[in-house]
Amino acid sequence: MSDILKKASELKSVLSEKAAGAIDSAAAAKEVFDEKTLAAKEVIGEKANELAATAGDFFEQSVGSRLEGSRFEAPILDDKPDDMVWYRVPIDGGMAGDGSEYHIYIKKGTAAKKLCIFFSGGGVAWNEKMAQSPVTGGRVAAWQPNYYWNNLRPFTQIMNINVGITDLHDVNPFYDWSFAVITYATGDFHLGSFDYDYTDEEGEKRTLHFRGHDNFKKSMERIVEFFPDPDQLLIAGDSAGAFATPALSPEIIDDYYPDVTDVTLFSDSALLLRTGWKNTIKNMWHATDAICDPIHTSNITADWYEHLTKSYGDRCRFLYASSTHDYLLSAFINEERSGEYFTDEATQNEYAVSLKEMYERMSGYEKQLSFFIYDFKMPQLFGRGGRSEERRVG
């Protein structure tokens, strides 16, 4: 009996060792499997991003090539403008962010002496990382970092004219106004006058031409030629252009249209809190003292509008509009905070709190400044883009 027990004990020991070995082997195999699975997912993700980037670039190039030279492309103005026709006006000495040509758009309306000067939007760059990543169709489609437009390739026309306030249909209450659209492709809120050297992602030396303010001044010289004496003036802008509206309106009012007494300013979405704004605008973009001096908080839009209400309140009306949970501006909040360009519900809620604080701050000027706040929820676009979902780039 003792021999049997001894053999049984030995067998148990052997089986235990083999079981332990099998468990270790299984654990090792699982670890290898997990590593392979993760690697496969990364490869699939990379391939998916590559395909998305290729598709995005193809889409942009296709739209641009179809637009270029077609009847839909705004013609270059070489004589007096016809009524209710959009024209491109090349600006001598103007320059986009990548050093290419610069132009604006103008339209002569049928409404007597009503003029809108509109500042286009299109992102921002406040450091080298952002300078390295201008917008392309491929970057947008692949959800790669894309911070600002750096040229006025044909595709950009669809963002500047025949849309929203620049639409020619009579459902637009401004359809018959004369318009000058000051386009944007410099990453500096139309405020800069400096050439910024940086190293791109491939190690090549590049220059981002922060020439927004130079383009603005040259553009205004042409705009006054076309529209010398309006009776009613609307200065408006969206996104980056919404920041430019209060920053540059004093120049428009004082230097170009000093006799116009009916002036309205309208900013659509210009809330992006940064403690470093004054340093960026003054020392990176090299904006003028007149632009920089009113800045004293992290909310530059409120700073500029406060200055305007005190200096031009008896002459101008001021309007501000925003969604409660701005998709793009909230992504820039995370870019500033963590270096990652993404948005999620928590960040959008944070934006909503900041918007409420801005409204409360400006409520003391309610006789001059009006707010329009809306809760538009962006529909799904290619499976992405809902207000309440996280959207991460890079």
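All of these numbers come straight from a predicted model, not from anything done at the bench.

Novice: Provide a residue-level description of the packing of helix H9 (residues 300–312) against helix H11 (residues 345–362), including the pertinent values.
Specialist: Interaxial distance between H9 and H11 falls to 11 Å at its minimum, and their mutual angle equals 15 degrees. Taken together, the axes of H9 and H11 lie roughly parallel to each other. Relative to H11, the crossing made by H9 is right-handed. Together, Thr-301, Ala-302, Asp-303, Tyr-305 and Glu-306 of H9 and Met-358, Arg-361 and Met-362 of H11 make up the contact between the two elements. Here the residues of the contact of H9 with H11 sort into four nonpolar, one polar and three charged.

Novice: I'd like a description of the pattern of salt bridges, backed by residues and values.
Specialist: Per the counting criterion, the structure on display carries 16 salt bridges. Across the pair Lys-113 and Asp-229 runs a salt bridge, and its minimum N-O distance is 3.1 Å. In this pair, Lys-113 is assigned in the loop between strand E2 (103–107) and strand E3 (114–119) and Asp-229 in the loop between helix H5 (212–226) and strand E7 (232–238), connecting sequence segments 116 residues apart. Taking relative accessible area as the criterion, Lys-113 reaches 42% and is therefore assigned partly exposed. Under the relative-accessibility criterion, Asp-229 is labelled partly exposed at 41%.

Novice: Provide a residue-level description of the environment of Glu-128, including the pertinent values.
Specialist: Position of Glu-128 relative to the elements: it lies in helix H2 (residues 128–131). Remark: the alpha-carbon pair of Glu-128 and Thr-199, spanning 71 residues in sequence, is separated by 7.6 Å. When residues no more than four places from it in sequence are discounted, the contact partners of Glu-128 are Tyr-196, Tyr-198 and Thr-199.

About the thresholds
- Residues numbered from 1 in each chain as written.
- Predicted model: local features only at pLDDT ≥ 70, side-chain atom pairs only at ≥ 80, totals over all residues.
- Heavy atoms only, no water.
- Axes fitted to C-alpha atoms, helices over the stretch in contact; angles between N-to-C directions.
- Helix = DSSP H or I, 4+ residues; strand = E, 2+ residues; numbered from the N terminus.
- Parallel < 35°, antiparallel > 145°, perpendicular 65-115°, else oblique.
- Left-handed = near helix turned anticlockwise from the far one by under 90°.
- Contact = heavy atoms within 4.5 Å.
- Nonpolar A, V, L, I, M, F, W, Y, C, P; charged D, E, K, R; others polar.
- Salt bridge = Lys/Arg side-chain N within 4 Å of Asp/Glu carboxyl O.
- Buried < 20%, exposed > 50% of the residue type's maximum accessible area, 1.4 Å probe, protein only.

In short, the description is geometric, and any link to function would need to be established separately.
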